[in-house]
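The primary structure of each chain is shown beneath.
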Amino acid sequence: MLQNSIRGFSKKRPVTSSDDTLFSLEDVSVTFGNLKALESVSLDIHQGEILFVTGSSGAGKTTLLRLLAEQLKPDSGKILLPKDLIGVRLFISQVFQDLKFLMNKTCEENLFHSFDKKVYKNKKIFLGEMNDLCKILGITDRLHLKMEQANGGLKQKVALIRALLAKPEVIILDEPTGSLDVDNARKIYEVLSYYNMKKKLTIIWASHNRELVKEFTGRIIHLDSGKLVYTGHACFI
Amino acid sequence: MFYLKNFFKIIKDNLLSGILLSLISLIIVIYMGNIDLFKNKIIGLYPEYLKGPYFYALLSATENHSRIKRKMLLLPGVNKVSIIGKNEVKNQTLEILDNLSMGQEEEFNFEYRGMEIALDRDVNARGQELIRGYLKRLAGESNITLGKVYPPSISKKLKENLDIFNKYGGMAIGLCLFLVWLLAFFSLKQKVKKVSFIIEQYQRKRGVEIKIILSGVALFYIIGCLISYPLPTTQWYLVAGVGAVFFAIMALLSGRPSWES
């Protein structure tokens, strides 16, 4: 069902912005010792938006994502999170750069960490959605593999599926396609934009690959040495 | 149930620290609740320590020895009363006669039984005399012959060591168990932290780390309480104290889950 819905979905234009501000950063700076990871960054992120954060390695992408995930506090400036702006603590799930798996478990067992009884009425519904996503991303036949046996591409797909199965309101992805070829990266974008359109999922996607991001629809911000140097629509970059 | 299930999953993946934490939690509850019982059991391995001065008595075999034993044991200061059978008295007497080269057993009447009366260690000379006097009255002065009072048979060094053990040993064992518990707890905590981090990332749950570890330890704590329940020696305030210490440590050391490789 999910598979049929997603097929051919990228031709449609996903929701890219709305008036509801979800995160608001005002003059935010973060310093690690002498290194300024972020410098006076001001930015609003809206509900249901797809935001690409680009920049070369060390530009401050991961630092920005960690701020949004409340894993870091700014040294100066103000950061307003969903709970401050809309008064609700939204559920944010992340796809980390280092993926964070229990390596002695299989791909399937790692996916089961997203089975939340508050979200899924029963296991059957969860399994149905899990199998659909695995089929779309072409990993059904490799679910039995232990994470330590999985290659980089498989790990990234499992990480993405795990995050999507959690049915978050916001998903933060740190280089989610780093180990994937362009076709697979496109497939991942298709899946994400389906969730964005159908489930109003807010997507914050950090990538160093601007060429790839240009193909997608969404807002883009570009960081350079911790400074926000560009903000605009991805297709106009 | 969700947290308990995860606790056992973590134990399955980390058998050594998991089993150690579970078993030691159980053992600590039972041990601390019955610390005096266990301490006395260990001291009981050295009966000579508990036995103070002692003396022997020779009684007519026709006397009701069991009654005398029972009455004597009711007396404060009497630690142990052992009846020495007729045959043993006979054998010992024959041995003495043999050593003295007398060998005229037919001239002796062997219708006697012996009794060894061990007193508490702190019974003074006056107390000893009172106990001996009571025994004489109990059996009838003409029916009993009392031997001299021997000092306790324990060596000075062993007595000193056992004195120290008696004073601090119980708590020292408890402390050692607790240290092993802490070691297992810290070892398992890292694994619990990782699993909790993942669960909190992908499920709408908070405080997963403390809930997982608390549910597991609480289960073994309750089992420990159930095992201790029929034991009359259980000191419940100590059991409650153990629970409070467990909870305080778990609450203090469980922070926001993080992924530490």
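Residues numbered from 1 in each chain as written. Chains lettered and ligands numbered in written order. Predicted model: local features only at pLDDT ≥ 70, side-chain atom pairs only at ≥ 80, totals over all residues.

Description of the overall build of chain B
Scanning chain B from N- to C-terminus turns up 10 helices and four strands. N-terminal to C-terminal, the α/β element order of chain B is α-α-α-α-β-α-β-α-β-α-β-α-α-α. Reported as C-alpha extents along the three principal axes, the dimensions of chain B are approximately 95 × 35 × 30 Å. In chain B, which comprises 261 residues, the share counted as buried stands at 25%. In chain B, once contacts between residues fewer than 6 apart in sequence are set aside, the share between residues at least 24 apart is 83%. (Helix = DSSP H or I, 4+ residues; strand = E, 2+ residues; numbered from the N terminus. Buried ≥ 20, exposed ≤ 12 C-beta atoms within 10 Å, placed from the backbone. Contact = placed C-beta atoms within 7 Å.)

Describing helix α9 (residues 208-228) of chain B
Its 21 residues place the ends of α9 of chain B 30 Å apart at the C-alpha level, agreeing with the 30 Å of an ideal helix rising 1.5 Å per residue. Within α9 of chain B, burial applies to V208, E209, K211, I212, I213, L214, G216, V217, Y221, G224 and S228 of chain B. (Expected span 1.5 Å × (residues − 1).)

Looking at unusual backbone geometry
Non-glycine residue S40 of chain A carries a positive phi angle of around 45 degrees. Mapped onto the elements of the fold, S40 of chain A is located in strand β2 (residues 35-46).

Examining the sheet that holds strand β2 (residues 78-84) of chain B
Residue and element names in this part refer to chain B. The sheet built from four strands is open, its strands ordered β2-β3-β1-β4 with antiparallel pairing. The sheet is open, and its two borders are formed by β2 and β4 (144-146), each paired with just one other strand. Pairs of neighbouring strands in the sheet enclose a mean axial angle of 20 degrees, with direction left out of account. In terms of strand pairing, strand β1 (residues 54-60) meets β4 through three bridges, oriented antiparallel. Within β4, the residue paired with L58 across the bridge is T145. Here helix α5 (residues 65-73) sits on the sheet and contacts β1, β2 and β3 (112-119); the angle it forms with β2, its principal contact strand, is near 170 degrees. (Pairing = 2+ DSSP bridges. Axes fitted to C-alpha atoms, helices over the stretch in contact; angles between N-to-C directions.)

A word on the packing of helix α2 (residues 15-33) of chain B against helix α8 (residues 156-202) of chain B
Residue and element names in this part refer to chain B. Close contact between α2 and α8 brings their axes to 9 Å; oriented N to C, the two are set at 150 degrees. Classed by the angle they form, the pair α2 and α8 counts as roughly antiparallel. Crossing angle aside, the handedness with which α2 passes α8 is left-handed. From α2, S17, G18, L20, L21, I24, S25, I27, I28, Y31 and M32 reach across to α8, where they touch G174, L177, F178, V180, W181, A184, F185, S187 and L188. (Parallel < 35°, antiparallel > 145°, perpendicular 65-115°, else oblique. Left-handed = near helix turned anticlockwise from the far one by under 90°.)

Quick look at helix α2 (residues 61-68) of chain A
Residues and elements named next belong to chain A. For α2, the buried fraction is high: seven of the eight residues fall into the buried class. Along α2, the residues classified as buried are K61, T62, T63, L64, L65, L67 and L68. Positive phi shows up at E70, right after α2, with a value of about 60 degrees.

As for the sheet that holds strand β4 (residues 76-80) of chain A
Residue and element names in this part refer to chain A. Ordered in space as β2-β1-β4, the three strands form an open sheet in which the pairing is antiparallel. Each edge of the open sheet is held by one strand with a lone partner, namely β2 and β4. Going from strand to strand, the sheet's axes swing by 15 degrees on average, the running direction of each strand aside. Of the strand pairs in this sheet, strand β1 (residues 21-32) and β4 are connected by four bridges, and their pairing is antiparallel.

Description of the environment of P74 of chain A
All names here are of chain A. The residue P74 is located in the loop between α2 and β4 in this model. Take P74: there are 18 C-beta atoms within 10 Å of it, and that puts it in the partly exposed class. For the pair P74 and N110, spaced 36 residues apart in sequence, the C-alpha separation works out to 32 Å. P74 has contacts with V28, S29, V30, L67 and I79, leaving out every residue within four places of it along the chain.

Remarks on the nonpolar core
Note on soluble globular proteins: their nonpolar side chains tend to be buried together. Residues L51, V53, I161, A163, I172, I203 and I204 of chain A are the most contacted members of the largest nonpolar core, which totals 92 residues. In this structure V53 of chain A touches K61, L64, I204, W205, A206, I221 and L223 of chain A, once residues within four positions along its chain are discounted. (Core = buried A, V, L, I, M, F, W, Y, C linked by C-beta atoms within 7 Å.)

Section: the domain arrangement of chain B
Structurally, chain B comprises domain 1 (2-42 + 157-253) and domain 2 (48-153). Computed from C-alpha coordinates alone, the two centres of domain 1 of chain B and domain 2 of chain B are separated by 49 Å. (Domains from an automatic or database assignment.)

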